[in-house]
Amino acid sequence: MNSEIKIIDSLQWRYACKKFDKSKKLSDEQVDLLSKTFNLTATSFGLQPLKMLIIKGDELKEKLLPHTYYQPQITTCSHLLVICIDTSFDEGSIDAYFDLEKDIRGTSEEIIGKFRNQLKTIYKNKNREQIDTSAMYQAYISLGTLMTVCADQKIDSCPMEGFNPVKFDDILNLSERDLRSVLLLPVGYRAEDDFMSTLKKVRKPLDQVIIHLD
């Protein structure tokens, strides 16, 4: 099977899993793959204003369940991924990125200094809300990347905005880490009785969503 057909088949296989098989767990290698996927996701200027929590324990999942409107995928999933924005991201974070670039690539300050200062000026002219909103947009990019890799690896997932982030932040003590939860992605393996698993995928015809311009 060529790569084009394989990825389309994987995306066709994927759906928003509503109930996972609680007895089936991801391996450590699979969790590591998703961790690396998140770390490699595209972000604006490569600055990575995001972090991700990986929740495995049933007790903590049960504690979070009421704040997701009791959606069963929270407690039946193998692992619950919580995508967060870094609320302390600032000019110092930009300096840390460029210092890391110098260390990894051996790039001189003479080469990157101008761009470093340009980015710091851009962020200096933004307020906290604008910086956080930009990070939230980037969180959706990471969500899409994770879902695509899950589909490719036949790992089920369910993207979720339907939760109370204030309660999550409180239970997970995220303010102490300068983080704010914005998206959830339960992952695992679909249950045999998940009603969504046998439904045909509903998508508009390509000619209704794609516009070709010469």
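Criteria and cut-off values
- Residues numbered from 1 in each chain as written.
- Predicted model: local features only at pLDDT ≥ 70, side-chain atom pairs only at ≥ 80, totals over all residues.
- Heavy atoms only, no water.
- Helix = DSSP H or I, 4+ residues; strand = E, 2+ residues; numbered from the N terminus.
- Polar contact = N/O pair within 3.5 Å; in protein donor to acceptor, adjacent residues only side chain to side chain.
- Contact = heavy atoms within 4.5 Å.
- Buried < 20%, exposed > 50% of the residue type's maximum accessible area, 1.4 Å probe, protein only.
- Patch = residues over 30% accessible without salt bridge, like charges linked within 9 Å, V, L, I, M, F, W, Y side chains within 5 Å.
- Areas by Shrake-Rupley, 256 points an atom, 1.4 Å probe, with all protein chains shown as cover.
- Salt bridge = Lys/Arg side-chain N within 4 Å of Asp/Glu carboxyl O.
- Expected span 1.5 Å × (residues − 1).
- Pairing = 2+ DSSP bridges.
- Axes fitted to C-alpha atoms, helices over the stretch in contact; angles between N-to-C directions.
- 1 Å grid on protein atoms, 1.4 Å probe; cavity = no way out; pocket = protein on both sides within 12 Å on 5 of 7 lines; lining within 4 Å.
- Points joined across faces, edges and corners; volume = space filled by probe spheres on them.
- Nonpolar A, V, L, I, M, F, W, Y, C, P; charged D, E, K, R; others polar.

**Q** Sorry, what's going on with the side chain of Gln30 here?
**A** Along the polypeptide, Gln30 turns up in helix H2 (residues 28-40). Among the polar contacts listed, one links the side chain of Gln30 to the side chain of Tyr189, at a separation of 2.8 Å. Leaving out residues up to four positions away in the same chain, Gln30 has contacts with Lys25, Ile155 and Tyr189.

**Q** What's the story with the environment of Val202 in this structure? I'm lost.
**A** By secondary structure assignment, the location of Val202 is in the segment after strand S4 (179-188). Between the C-alpha atoms of Val202 and Lys61, which are 141 residues apart in sequence, the distance is 31 Å.

**Q** Whenever I open this one, unusual backbone geometry confuses me. Can you help?
**A** Even without being a glycine, Lys154 presents a positive backbone phi close to 60°. Position of Lys154 among the secondary structure elements: in the loop between helix H7 (128-152) and strand S3 (156-157). On the basis of relative accessibility, which here comes to 36%, the residue Lys154 falls in the partly exposed class. Of note in this structure, Asp178 is not a glycine but carries a positive phi near 60°. Here Asp178 lies in the loop between helix H8 (165-171) and S4. With a relative accessible area of 37%, Asp178 lands in the partly exposed category.

**Q** What exactly am I supposed to notice about a nonpolar patch on the surface here?
**A** Residues Phe45, Phe115 and Ile122 make up a contiguous nonpolar surface patch of roughly 260 Å² in combined accessible area. In this fold, Ile122 is placed in helix H6 (residues 109-124). On the accessibility criterion, Ile122 (38% relative accessible area) is partly exposed.

**Q** Whenever I open this one, H2 confuses me. Can you help?
**A** For an α-helix, the turn length of 3.6 residues means that residues three or four places apart are oriented alike. Between its first and last C-alpha, H2 extends 18 Å over 13 residues, near the 18 Å set by a 1.5 Å rise per residue. Looking at the buried residues of H2, the elements they touch are strand S1 (50-55), strand S2 (79-86), H7 and S4.

**Q** Any chance you could explain the pairing of S4 here in plain terms?
**A** Remark: a regular strand shows side chains that alternate across the two faces of the sheet. Counting buried positions along S4 gives nine out of 10 residues, so the element sits mostly inside the fold. Note that S2 and S4 share eight bridges and pair antiparallel. Paired with Val82 across the two strands is Leu184, which belongs to S4. Bridging between S3 and S4 involves two bridges; their strand directions are antiparallel. The residue of S4 that forms the bridge with Asp156 is Gly188.

**Q** How do you make sense of the sheet that holds S1 when you look at a structure like this?
**A** What links the strands of a sheet is backbone hydrogen bonding, and the strands pair in either a parallel or an antiparallel sense. Taken in spatial order, the four strands line up as S1-S2-S4-S3 in an open sheet, and their pairing is antiparallel. In the strand order of this sheet, the two ends are held by S1 and S3, each with one partner. Across the sheet, H2 is in contact with S1, S2 and S4; its angle to S1 comes to roughly 165°. Strands S1, S2, S3 and S4 of the sheet are contacted by H7, whose axis makes an angle of about 10° with S4.

**Q** Help me out: how do you make sense of the layout of surface pockets in this one?
**A** Looking at the largest pocket, its volume works out to about 390 Å³. Surrounding the largest pocket, 17 residues form its lining, Gly46, Leu47, Gln48, Tyr97 and Leu100 being those nearest its centre. Sorting the residues of the lining of the largest pocket by element identifies H2, S1 and helix H5 (91-105) as the ones contributing at least two each. With seven residues, the single largest contributor to the lining of the largest pocket is H5. Each residue belonging to the lining of the largest pocket can be placed in one class, and the counts come to nine nonpolar, four polar and four charged. Reported here for the second largest pocket is a volume of approximately 200 Å³. Lining the second largest pocket are 13 residues; nearest its centre among them are Arg14, Tyr15, Leu199, Lys200 and Lys201. Residues that form the lining of the second largest pocket fall into these classes: six nonpolar, two polar and five charged.

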